[in-house]
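Coordinate analysis (summary)
Spelled out from the first residue to the last, the chains are:
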Amino acid sequence: MDKGIEHLISARKLLKESLEKSEALGSSLEKVGPRLDGISQRLPSMEVAIRPIRAESEALSSVGGHINRAVVPAAAVLKVFDAIHGLEKSLSDPQSNLPGYLSVLKRLEEALRFLGENCGMAIQWLGDIVQYLEDHKVADTRFISELKKALKNIRELETAEEKGHLDGGLLDVALDRLESELQRLLTEYSVPLPMSSPALPGEQASIAPSPLPVTVIQKLHAILGRLAVNDRLQKCISIYVEVRSSNVRASLQALNLDYLEISVSEFNNVASIEGYIAQWGKHLEFAMKHLFEAEYKLCHDVFDRMGPDVSKSCFPKIAAQAGILAFLQFGRTVTESKKDPIKLLKLLDIFASLNKLRLDFNRLFGGVACAEIQNMTRDLIKRVIEGSCEIFWELLFQVKLQRQTPPPADCSIPRVVTFITDYCNKLLGDEYKPILTQVLVIERSWKHESFQERILITELLNLVKAIELNLEAWSKGYEDAVPSYVFLMNNHSHLYKYLKGTKLGGIVGDPWLSEHDQYKEYYSAIFLRESWSMLPTHLSREGLILFSGGRATARNLVKQRLKAFNEAFDDMYGKQSKWVIPDKDLRERTCQAIVQAIVPVYRSYMQNYGPLVEQDPSTSKYAKYTAQSLEKMLLSLFLPKLLKQVSFQVKQASGKFSNGAVDQYQTPPTVK
């Protein structure tokens, strides 16, 4: 019985333990249920992910190594790509820390270079893996197709123009900021200095664009170096040219160069813009020696590390945009104006200015890139030389044509005489003779002809001889001989007095000058003899001695003779009061000779016979003048009239005529 109880107790204990285990298992099952539900939900997606890989275990184990070899370089590329975007914050402002900015920029370029060199390789390796998966059927066709499509897109981005944007455009933005810094530095330090006296640039040798400090040039070197390796050198040159040419233009604006824009239609002749031509030479010299010279040196300093061709191509653009072409165009405009003798002098002035700057032109504008400036300069010099020679060789022809014109009604010196004598002296002077000789030498060399200085002297002597022949022809143009004497006296006096001691006077020689001085004296004497010396004959004393015919008869004779004298005097004075003797000494001497020929005789006559008519009611009719009034009138003869004009015609070689009124004291005859 005891054993039965023991068995029951054991069964009871076992049953109790089983119940406890069942309860624990039930509790565990309740906890595992939700997990099983989650696993159940994930099974479809896991099935989809595993579905493309339906290869044997051996194939799967061998593909692992291939995948690892492709994924490692691809991961390195991605790591560099992430590093690139980490540099973005360091590329904010090159002005605050240019060296640091350039350092980061260089790292960015190196990273992009790595991407450019390795992206293709990584893509190729990934492509090989995809091909391996396809060949060994490790994945299904749809999966392989999606991989191929993704690789195709990557290849297109890598090979197309987007290759440069592997950084998302970060390099372009960084380079744009660097260009802006380049422009800022140039603009900030390119400041034209003020000019206090622009009318006299020759006195301001120190005026020039402010030079760039060495530290700024060093910064420009660093910036240009980085931009050049990124194919942005041409953009740098454009920025530099724009800023520096603008700076030179600002410096030139103070010189008031509006006259450079003048056209041929805006002026009548060269004389009207003579002042501009004088300014042109000074302004051009100033621009060449101070403005363009400074720019030439600065271009070399800034771009020397880029190679000599860069600076040589950059400077001509600055010069052209700054205004050198406008200077050359103004010179050409002068050459296109009407021909006249003054134009010859101005053309020689232009040639002298260009010749003075010849070495500067050759040095600054001698490069291949300066072709436009070279061509315009050569064309201008050619036009100046041809125009100068054409006018010079036509001078004799024009002087001869003046022979056809009537002589001056006032018996003065024709403008062509005073002009040619003064003109020849200018051409023989130290200022123009060397220039004219050089121009004639060049012109003869173009024609393969030799030139000797005697040719120039001979041509000028021919002009003087033509003037002499003109005087002879003009003297025959007066209806009466007396005004021709005054005319010849005036002109021979001019040739002697105003050529003596001059360059031209030295060429014609003292005998020639003395001959004209003698002619002056001869025509002075013959003028006095044929005119005023004849008046005293009207004051004859015949029949008045002792009043042989009676007092009444004597009074009548005195009246008749005084009346005849008055009429002859009034007629002669009326005519000669319109005549002119320009030379003061000759005029005073001539008037004194007339006074001596008339007044003493008249005074004596009136003292002796004046009382015979003084009591007559009509005495004023006969005793019209006193000796003092006659002297005063005679001393006022031959005074020149200011601003007197003469008219003339100039027949051209073409057969055409041009009419003009020329101011006797200012404007030379015009030769078209």
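Taking an unreviewed UniProt entry as the reference, the chain is identified by name as Exocyst subunit Exo70 family protein belonging to Salvia divinorum. Per UniProt, the comment on the chain under Sequence similarities (unreviewed entry) is "Belongs to the EXO70 family." As stated in UniProt under Function (unreviewed entry), the record for the chain gives "Component of the exocyst complex."

1. A few points about the overall build of the chain
Along its length, the chain carries 24 helices and two strands. Nonlocal contacts in the chain, meaning residues at least 24 apart in sequence, comprise 79% of its contacts between residues at least 6 apart. Counting every atom, the chain has about 36300 Å² of accessible surface; 54% of that belongs to carbon and sulfur.

2. A word on the side chain of Asp410
Mapped onto the secondary structure, Asp410 falls in the loop between α13 (371–401) and α14 (415–428). A polar atom in the side chain of Asp410 sits 2.7 Å from the side chain of Ser412.

3. Description of helix α15 (residues 433–446)
Look at α15: 20 Å from first C-alpha to last across 14 residues, which is about the 20 Å you get at 1.5 Å a residue. All buried positions along α15 are accounted for by Ile435, Leu436, Thr437, Val439, Leu440, Glu443 and Arg444. One or two steps after α15, the chain reaches His448, where phi turns positive at roughly 60 degrees.

4. Points about the environment of Ala552
By the secondary structure assignment, Ala552 is in helix α20 (residues 551–576). Taking the C-alpha atoms as reference, Ala552 lies 8.7 Å from Leu612; in sequence the two are 60 residues apart.

5. Considerations on the pattern of salt bridges
Under the definition given, this model contains 35 salt bridges. Across the salt bridge formed by Arg332 and Asp379, the nearest N and O atoms sit 3.1 Å from each other. With Arg332 in helix α10 (residues 324–335) and Asp379 in helix α13, this residue pair connects regions lying 47 residues apart in the sequence. Since its relative accessible area comes to 26%, Asp379 is described here as partly exposed. Across the salt bridge formed by Lys624 and Asp570, the nearest N and O atoms sit 2.6 Å from each other.

6. Describing the nonpolar core
The tendency in soluble globular proteins is for nonpolar side chains to be buried side by side. By size, the foremost hydrophobic cluster in this structure holds 161 residues, and its most contacted members are Phe292, Ile324, Phe365 and Trp532. By residue number, the principal contributor to this core is helix α8 (residues 274–303), which donates twelve residues. Not counting chain neighbours up to four residues away, the residues in contact with Phe292 comprise Val248, Ala287, Phe315, Ala319, Ala322, Ile324 and Leu364.

7. What about the side chain of Lys343?
Counting through the fold element by element, Lys343 comes out in helix α11 (residues 341–356). Salt bridges are absent for the buried Lys343, whose nearest opposite-charge side chain, Glu390, sits at 7.2 Å. Beyond its immediate sequence surroundings of up to four residues, Lys343 is in contact with Val270, Val334, Thr335, Glu336, Ser337, Lys338 and Ile391.

8. Let's talk about the packing of α13 against helix α16 (residues 453–475)
Interaxial distance between α13 and α16 falls to 9 Å at its minimum, and their mutual angle equals 10 degrees. Regarding the angle of α13 to α16, the classification is roughly parallel. Residues Phe392, Trp393, Leu395, Leu396, Val399 and Lys400 of α13 touch α16, and the partners they reach there are Ile455, Leu456, Glu459, Leu460, Asn462, Leu463, Ala466, Ile467 and Asn470. Across the contact of α13 with α16, the residue classes break down as eleven nonpolar, two polar and two charged.

9. Brief notes about the packing of aromatic side chains
For any pair of aromatic rings, the description consists of the separation of the ring centres together with the inter-plane angle of the planes. Under the definition given, this model contains 21 aromatic pairs. One aromatic cluster is present, formed by Trp532, Phe565, Phe569, Tyr573, Tyr602 and Tyr625 through successive ring pairs.

10. Observations concerning the packing of α13 against α15
One way to put it is that α13 packs onto α15 with a least axis distance of 10 Å and a crossing angle of 100 degrees. In this view, α13 runs roughly perpendicular relative to α15, as classed from their interaxial angle. Each of Lys382, Ile385, Glu386, Ser388, Cys389, Phe392 and Trp393 in α13 lies in contact with α15, whose residues at this interface are Leu436, Val439, Leu440, Ile442, Glu443, Arg444 and Trp446. In terms of residue class, the contact of α13 with α15 is built from nine nonpolar, one polar and four charged.

11. Thoughts on the confidence of the model for the chain
Averaged over all residues, the pLDDT of the chain equals 80, while 69% of them reach at least 70. Here residues 196–208 is modelled with pLDDT under 50, and outside its nearest four sequence neighbours on either side it reaches 21 contacts, counting other chains as well. Contacts of residues 643–672 to residues separated by more than four positions or lying in other chains number 79 contacts, the stretch itself having pLDDT below 50.

12. Here we look at the environment of Gly281
Mapped onto the fold, Gly281 is located in helix α8. As a C-alpha pair, Gly281 and Phe327 span 46 residues in sequence and 9.3 Å in three-dimensional space.

13. A few points about unusual backbone geometry
Phi angles above zero are rare outside glycine, and Asn256 is one such case at about 60 degrees. Here Asn256 is to be found in the loop between α7 (233–253) and α8. Phi is positive for His448, which is not a glycine, with a value near 60 degrees. Assignment of secondary structure puts His448 in the loop between α15 and α16.

Conventions and cut-offs
Residues numbered from 1 in each chain as written. Predicted model: local features only at pLDDT ≥ 70, side-chain atom pairs only at ≥ 80, totals over all residues. Heavy atoms only, no water. UniProt positions renumbered as here; feature names shortened; annotations may be inferred. Helix = DSSP H or I, 4+ residues; strand = E, 2+ residues; numbered from the N terminus. Contact = heavy atoms within 4.5 Å. Areas by Shrake-Rupley, 256 points an atom, 1.4 Å probe, with all protein chains shown as cover. Polar contact = N/O pair within 3.5 Å; in protein donor to acceptor, adjacent residues only side chain to side chain. Expected span 1.5 Å × (residues − 1). Buried < 20%, exposed > 50% of the residue type's maximum accessible area, 1.4 Å probe, protein only. Salt bridge = Lys/Arg side-chain N within 4 Å of Asp/Glu carboxyl O. Core = buried A, V, L, I, M, F, W, Y, C linked by side-chain atoms within 4.5 Å. Lys, Arg positive; Asp, Glu negative; His and termini not counted. Axes fitted to C-alpha atoms, helices over the stretch in contact; angles between N-to-C directions. Parallel < 35°, antiparallel > 145°, perpendicular 65-115°, else oblique. Nonpolar A, V, L, I, M, F, W, Y, C, P; charged D, E, K, R; others polar. Phe/Tyr/Trp six-rings, centres within 6.5 Å; stacked < 30°, edge-to-face > 60°. pLDDT = per-residue confidence, 0-100.

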